[in-house]
Amino acid sequence: MSVVERQEWDVVVIGAGGAGLRAAIEARERGARTAVICKSLFGKAHTVMAEGGIAAAMANANEHDNWQVHFRDTMRGGKFLNQWRMAELHAQEAPDRVWELETWGALFDRTKDGRISQRNFGGHEYPRLAHVGDRTGLELIRTLQQKIVALQQEDKKETGDYESRLKVYQECTVTRVLKDGSRVSGVFAYERETGRFFVLEAPSVVIATGGIGKSFKVTSNSWEYTGDGHALALLAGAPLLNMEFVQFHPTGMVWPPSVKGILVTESVRGDGGVLRNSEGKRFMFDYIPDVFKEKYAESEEEGDRWYEDPDNNRRPPELLPRDEVARAINSEVKAGRGSPHGGVFLDVSTRMPADVIRRRLPSMYHQFKELADVDITAEAMEVGPTCHYVMGGIAVESETAAARGVPGLFAAGEVAGGMHGSNRLGGNSLSDLLVFGRRAGWHAAEHAAARAFERPEVSDLEIDTAAAEALRPFSAEGPPGAEDEGRPPENPYTLHQELQQAMNDLVGIIRREAEMERALEKLADLRVRARRAGVEGHRQFNPGWHLALDLRNMLLVSECVARAALERTESRGGHTREDHPTMDRRWRNINLLCRLADPTGGLAATDPERGQIDLARETTDPVRQDLLALFDKEELVKYLAEEELYQ
Ligand code: FAD
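The residue count restarts for each chain, going from 1 along the sequence in the order it is written. Local features in this predicted model are restricted to residues of pLDDT 70 or higher, and side-chain atom pairs are both shown and tallied only at a pLDDT of 80 or more, whereas totals for entire chains, interfaces and linings draw on every residue.

Draft legend 1. Region of interest: the overall build of the protein chain. Secondary structure follows DSSP: runs of H or I at least 4 residues long count as helices, runs of E at least 2 residues long count as strands, and numbering of each begins at the N terminus. Secondary structure assignment for the protein chain yields 18 helices and 20 strands. In this treatment the radius of gyration is a C-alpha quantity, and the globule benchmark scales as 2.2 Å times the residue count to the 0.38 power. Taking 647 residues into account, the globule formula puts the C-alpha radius of gyration at 26 Å, and the protein chain, at 24 Å, falls close to it. Along the first, second and third principal axes, the C-alpha atoms of the protein chain reach 75 × 60 × 60 Å. Burial status across the protein chain gives 55% buried among its 647 residues. Long-range pairs, those at least 24 residues apart, make up 74% of the contacts in the protein chain between residues at least 6 apart in sequence. Exposure criterion: with C-beta atoms placed from backbone coordinates, a residue whose C-beta has 20 or more other C-beta atoms within 10 Å is buried, one with 12 or fewer is exposed, and one in between is partly exposed. Placing a C-beta atom from the backbone of each residue, one calls two residues in contact when those atoms lie within 7 Å.

What follows is the structure, given as C-alpha cells:
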C-alpha cells in the first residue's frame, strides 16, 4: 500500500488560468475552503498569453452594442451549434465580469472620454474587446492573482494562516480525479520537482485545465496543453462534446521553423492589417461565404471606410470569423500564391504610422523583431494557420458548469464544451473564463456545502491504483501475456512527435475520410507502444516521465477528435471536410458525445486496437423562441434544420 499524504478541502480547482482562478475566488468567497492546483508556476497559465482582449458588450465604443448583438454574433460564429443558454449567459454577464475586474485593480486601455477602450475583432459586429495593449491576458491573470492574495491576507487576519481557506499548489500535476462510487472524492497528484505523490480530498472538483494543442505539430499553445482535463473527465466517466471542432487560427508565424505556430494576434487585423497573396492581391474579398455576404464589404474602399465610419459601411473580410480566414489562407497557399515560407502576407506597415503600430501592438513588434528579424512597421509579416483552440470539451450543464453524469465534477474555460459551438470568436474565451469560472466556483461551493456532513471517502485501493499507473513508465515493458510482452521501452519524445505529426497531417485543417481512418490506425499503433513508454532515472524533476504520463491524455483526446471528425460528414466552423465541403442543415442540431469505452475508468488495455472511445449522437435542445426572434428569418433558413424551421 502506498503511503500518500492526504489533505481535506471543500473545493479543489485544477488549473490556475483565468477560469481556475475565477472559480477559486468565487468558491472561497462563498465560504468553501478551496485549493488550486496547477502544473506550471502560479501565474504561468495559458491565459497569460492572451493578447487581443475580452469580449463584452459594454457599448463603450459603439452605443448600439448590447448583449443581444453579442449573443447573435457568438451563435453565427459557432454556426448555431452553440449550447445556446451558455451563449446567452455569456453575453449577458460578460460586461459585469469586466467591470468587476476593474474594481479588483485591472488597468484597461481607455477611450478619449475615460471609459474602458474596446477594439474590433473578427465576427464581432461592434468594437467589443476590452484590452490592455496586446497583453490583456497578463493583466487578467495579474488582477486575479492580486485578488487571491487579498483574500489570503483577510484569512491571515482572521485565522492566523494565509492558506487556511485558499491555497495554491503550484508545479503539481493531477493524474486522476478520484471517486467514491459515482461521486467525486478528490484528486491524485504528483509534485513535479520531487515526484512526491499526494491526494487532495474534496466533494467538489473543478476542472479548468485549458486546451489540447500539444497533440498537433504546429500550434500556438504552450507545453501545458496536453488535454489533461479532457482526459481526467473522460476517465472519471464524464462525456466530451463535439471534439471534432478544433480552431486553426489563421495567423501564426511561419518562419523561422523554430517559432512556427506562435500566434500573431487578430488585433493586427482588427486595427487595420490586411492579408495579401504573393501577387499583392487582398484575396479575402474572394472568400466571403453566402451566409456572411450581407455583413461584409464588397470592395477595398468600402472595407477601408468602415474603420472610420462603421455605421455606414460594412466591415472588411479580413475580419470574417477565424475558420473562414484560415481556410482562405490555406487555399491561397495551395493554389501557389503563398509567401516564400508557405504562408501569406499580413501587412500593417502601409496602414498605420510606425509609432501607432509600436504603441497598439507592442508585443507583435517585439515578437517579429526578436524572433524573425522583421520590422513590422516597415515590412509585411508572413503568416499561416496554427492549431489554437479547442471548441469541443467536457459536456456541462449551462447554468452550473456541472459535468454531465458525475456528481461533484465541474468544468470551466477552454476545457468545457458547448459555449462556442463549432467555432469560437476571438475575445470570447477570456469572457467565457470569467463568466463560467465564476459559475463553476459558485456551484462547486454549494455542492460541497450540501455534503459537509457526508463527505465522500477516498479508498486506499484507488490511491494504490493511481500510484501504480503513475509509476509504470519506470518499469515499462509489454504487459504479461500481451503480444509485446518483454519488448523494450519506447521513448516518450518519439511517440509524442509521431502523434503530433499524425494529427497535423491527417486530422488537421482540411480533413478527408481516408486520412482520418489512417489517423485512427496510427493512434492504435501509438496506443500499443505508449503502454511501453519508459523513462530512466528518478522521480525528481524528470520531464521524460512527465511526458510519458501526459501521453495517455493526448492519445485519448486525439482519438476523440479523430473519431468525431470522421463521423461528422459536413463542414462547419472548425471542422472542414474536403469530401463534404458544405454545411449541412441536418447536422445543425446534432452533438457528438465521446465516452470512455471501459466505464470502470480503465483503458481497455487488453485490446488497445479496439480504441478507447465510444461515440454517440445526441439531438440538441431547440433554441428558445425569444432568442430565435433576434435573427432575421432569412438568416435562420441558412442554418436551421427543416423541422426546426417548421416548429
Ligand atoms: P489556462 O489559462 O491554460 O490554464 C490552464 C491551467 O491548468 C494552467 O494553470 C495549467 O498549469 C493547469 N493544468 C493543466 N493540466 C493540469 C494538470 N494535469 N494538473 C494540474 N494543473 C494542470 N482568448 C481571448 O478571448 N482573447 C485573446 O486575446 C486571446 N489570445 C490568445 C493568444 C494566444 C497566444 C493563445 C494561445 C490563446 C489566446 N486566447 C485568447 C485563448 C485563451 O487565452 C485561452 O483559451 C484561455 O486563456 C484558456 O484559459 P483556461 O483558464 O481555460 O486555461
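Picking up after the structure, the text goes on.
Draft legend 2. Quick peek at the domain arrangement of the protein chain. Taken as a whole, the protein chain is organised into domain 1 (5-50 + 135-246 + 389-461) and domain 2 (248-381). The interface of domain 1 with domain 2 comprises eight residues on the first partner and twelve residues on the second. The domain limits used here are those given by an automatic or database domain assignment.

Draft legend 3. The arrangement of the UniProt feature "coiled-coil region" (unreviewed entry) in the protein chain in detail. UniProt positions are given in the numbering used here, feature names are shortened, and annotations may be inferred rather than shown by experiment. Within this numbering scheme, the UniProt entry marks residues 509-536 as carrying the feature "coiled-coil region" (unreviewed entry). A distance of 37 Å separates the end C-alpha atoms of residues 509-536, which is 64% helix and 0% strand.

Draft legend 4. Up close: the sheet that holds strand β20 (residues 613-619). Pairs of strands are assigned from DSSP output, requiring at least two bridges between the strands. Strand order in the open sheet made by the four strands is β17-β12-β19-β20, with antiparallel pairing throughout. Two strands in the sheet have a free side with no partner beyond their single neighbour: β17 (393-394) and β20. As paired elements, strand β12 (residues 240-241) and strand β19 (residues 590-596) share two bridges and run antiparallel to each other. Along β19, the bridge assignment pairs L241 with L593. Of the strands in this sheet, β12, β19 and β20 are in contact with helix α15 (residues 543-567), which crosses β20 at around 45°. Angular values range over 0 to 180 degrees, each being the angle between N-to-C directions of two axes fitted as lines to C-alpha atoms, with helices fitted over their stretch in contact.

Draft legend 5. Geometry of the UniProt feature "domain: FAD-dependent oxidoreductase 2 FAD-binding" (unreviewed entry) in the protein chain. Here the UniProt-annotated "domain: FAD-dependent oxidoreductase 2 FAD-binding" (unreviewed entry) positions come out as residues 10-430. Across residues 10-430 one finds 29% helix and 19% strand; the C-alpha atoms that close the span lie 26 Å apart.

Draft legend 6. Spatial organisation of the sheet that holds strand β9 (residues 183-191). Pairing within the open sheet is mixed, and its four strands lie in the order β1-β10-β9-β8. Edge positions in the sheet fall to β1 (5-8) and β8 (172-180), since each has one partner strand and no second. Each strand of the sheet is rotated relative to its neighbour by a mean of 25°, with strand direction disregarded. With five bridges joining them, β9 and strand β10 (residues 197-201) adopt antiparallel strand pairing. Bridge pairing in β10 links F188 to V199.

Draft legend 7. A look at the pairing of strand β15 (residues 344-347). Alternating residues of β15 divide into V344 and L346, all buried, and F345 and D347, none buried. Of the pairings in the sheet, the one linking strand β14 (residues 274-276) to β15 comprises three bridges and is antiparallel in character. For L275, the partnering residue across the bridge sits in β15 and is L346. In this structure, β15 lies alongside strand β16 (residues 381-390), joined through three bridges in antiparallel fashion. By the bridge assignment, L346 is partnered in β16 with M381.

Draft legend 8. Summary view of the site of the ligand. Using the backbone to place each C-beta atom, any residue with that atom within 6 Å of a molecule or strand is considered near it. In the vicinity of the ligand, 41 residues are found, and the nearest of them are G15, G17, H46, G210 and G413. Mapped onto the shell around the ligand, the elements with two or more residues apiece are α1 (18-29), β3 (34-38), α4 (136-159), β8 and α11 (428-450). Split into classes, the residues belonging to the shell around the ligand amount to 15 nonpolar, 21 polar and five charged. Following the grouping adopted for this structure description, the nonpolar residues are Ala, Val, Leu, Ile, Met, Phe, Trp, Tyr, Cys and Pro, the charged ones are Asp, Glu, Lys and Arg, and the polar ones are all others, Gly among them.

Draft legend 9. Focus on unusual backbone geometry. For the peptide bond that leads from W255 to P256, omega is -5°, which places it in the cis range. Even without being glycine, A59 reaches a positive phi, approximately 60°. Relative to the helices and strands, A59 resides in the loop between β4 (54-55) and α2 (67-77). Non-glycine residue K79 carries a positive phi angle of around 55°. Structurally, the position occupied by K79 is in the loop between α2 and α3 (84-103). Judged by the 25 C-beta atoms lying within 10 Å of it, K79 is buried.

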